[in-house]
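Each chain, written out:
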Amino acid sequence: MLHHFIKRRRLVVLVAVLGVVALVLLGRWGNARKVGGQGPAEPFRIAGNFYYVGATDASAFLITGPQGHVVLDAGYPTTAKLVMASIAKLGFNISDVKVLLNSEPHPDHGGGLAVLQEASGAQLWASDASAESLASGGDDPDGVLPLRALTWIGVFGYPPPRVDHRFKDGDTIRLGPIALTAHITAGHTRGCTSWSFTVHDGDRTLNVVSACDLGVLATSQYPEQAADRERSIRVLRSLPADIWVTCHARWWGRYRKFVASTTAKNPVDPFIDPEGYRAFLDAAEAELRQGRMH
Ligand SMILES: [Zn+2]
């Protein structure tokens, strides 16, 4: 009797949890639709050898060089096609992409990496924590069980890319003259990686920061998360940023800055936005202090 009761209670809990997860996902989906979702976006040069090749919201970046190119993030599996079309539209060849990087391994940023890797033969670099998740096709060890279960049965995951190299915090990944420094800014996920590098545009050398997501999802939490976020915000505040971007294009104003760049005297100027970078970090800190999720 007691046994049956416990079994029934477990079932009720499971159904309730699945219901909550479904609502959260539905909410996120609705939100993504509202801000333009994952539709195709015009690729463009941000500055120097640094280009946008992502979708309307899922960011992807191309950094070009004489010894090959780097692509940072790939969107969902279905976004990878858009990324490749954007690279081609800018006049570059996918087979010249030699290095793949990732901000964090959730499906909206790591999902398309395997497709890009297959098309290019590029080597993927990842932090230890991200490497595990990427190589498993998106399993998040801190994810809630129903989501993990959906990943295990192939509903939620993505084709796993091959992780060729792992880096440590502060390592620099080089490809010819391209040099990107990895900052493991944990919080959203344990291996969340921000990147800093410089681009040369005309006679200017500009500092670029690609900041990882700093928010917490209800569906992905772990005990040291608040301390990690605190540290990550501090690290990001210490990085000089003339140009800043994140893995969600709406956060750094992709469309607004792109439109402004088409009429600006110098098309790079609208992307120079240290105030926006500080505001992004201030907002992340406020979210942390108030215990809000996103
Ligand atoms: Zn994420």
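Located above this text is the structure these notes cover.
Residues numbered from 1 in each chain as written. Predicted model: local features only at pLDDT ≥ 70, side-chain atom pairs only at ≥ 80, totals over all residues. Heavy atoms only, no water.

Asker: Where do I start with the coordination of the zinc ion in this structure?
Answerer: Octahedral metals with six donors have ideal donor angles of 90 or 180 degrees. Tetrahedral metals with four donors have an ideal donor angle of 109.5 degrees. Distances from the zinc ion to its protein donors, Glu 104 (OE), His 106 (ND1) and His 188 (NE2), fall at 2.0 to 2.1 Å. Within one chain, the residues serving as donors to the zinc ion are arranged as E-x1-H-x81-H. Pair noted here: Glu 104 is in the loop between β5 (97–101) and α3 (107–110) and His 188 is in the loop between β9 (178–184) and β10 (193–201), with a separation of 84 residues, a long-range link. Residue Glu 104 is classed as buried on the basis of its relative accessible area of 1%. (Donors = N, O, S within 2.8 Å, 3.2 Å for Na, K, Ca; no water. Helix = DSSP H or I, 4+ residues; strand = E, 2+ residues; numbered from the N terminus. Buried < 20%, exposed > 50% of the residue type's maximum accessible area, 1.4 Å probe, protein only.)

Asker: Where do I start with the state of the cysteines in this structure?
Answerer: Disulfides are covalent bonds that link the sulfur atoms of two cysteine residues. Applying the stated rule across the entire model yields one disulfide. Covalently, Cys 192 is tied to Cys 212 through a disulfide, its sulfur atoms 2.0 Å apart. As the torsion about the S-S bond is roughly -70°, the Cys 192-Cys 212 disulfide counts as left-handed. Note that Cys 192 is positioned in the loop between β9 and β10 and Cys 212 in the loop between β11 (204–211) and α7 (225–237), a separation of 20 residues in sequence. (Disulfide = S-S within 2.5 Å.)

Asker: Can you help me understand the nonpolar core in this one?
Answerer: A general feature of soluble globular proteins is that nonpolar side chains tend to end up buried together. In this structure, Ile 46, Phe 50 and Trp 252 are the most contacted members of the largest nonpolar core, which totals 43 residues. With five residues, the top contributor of residues to this core is helix α10 (residues 274–289). Counting 20 residues, the second largest nonpolar core, distinct from the first, contains Leu 62, Val 71, Ala 80 and Ile 94. (Core = buried A, V, L, I, M, F, W, Y, C linked by side-chain atoms within 4.5 Å.)

Asker: Just to check I follow, could you spell out the sheet that holds β9 for this structure?
Answerer: Backbone-to-backbone hydrogen bonds pair the strands of a sheet. The strands run either parallel or antiparallel. Spatial ordering of the open sheet is given by β8-β9-β10-β11-β12, a layout of five strands whose pairing is mixed. Of all strands in the sheet, those with a lone pairing partner are β8 (172–175) and β12 (243–246), marking the two edges. Averaged over neighbouring strand pairs, the angle between their axes works out to 20° when direction is ignored. Sheet topology places β9 next to β10; four bridges connect them, and they run antiparallel. Bridge pairing in β10 links Ile 184 to Thr 193. Contacts from α10 reach β11 and β12 within the one sheet, and its direction differs from that of β12 by about 40°. (Pairing = 2+ DSSP bridges. Axes fitted to C-alpha atoms, helices over the stretch in contact; angles between N-to-C directions. Contact = heavy atoms within 4.5 Å.)

Asker: What am I meant to see in the side chain of Arg 229 here?
Answerer: Mapped onto the secondary structure, Arg 229 falls in helix α7. One buried charged residue, Arg 229, remains without a salt bridge, the closest side chain of opposite sign being Glu 287 at 4.2 Å. Sequence-distant contacts of Arg 229, defined by excluding residues within four places in its chain, comprise Ala 186, Gly 187, Leu 214, Gly 215, Val 216, Ala 284, Glu 287, Leu 288 and Arg 292. (Lys, Arg positive; Asp, Glu negative; His and termini not counted. Salt bridge = Lys/Arg side-chain N within 4 Å of Asp/Glu carboxyl O.)

Asker: Mind showing me how you'd approach helix α4 (residues 113–120) here?
Answerer: Side chains of residues three or four places apart in an α-helix project in the same direction, reflecting 3.6 residues per turn. Within α4, the full set of buried residues consists of Leu 113, Ala 114, Leu 116, Gln 117 and Ser 120. Seen from one end, α4 has its buried residues packed into an arc of 160°, which puts them on one side. Downstream of α4 by a residue or two, Gly 121 has a phi angle that is positive, lying close to 75°. (Arc of directions from axis to C-beta.)

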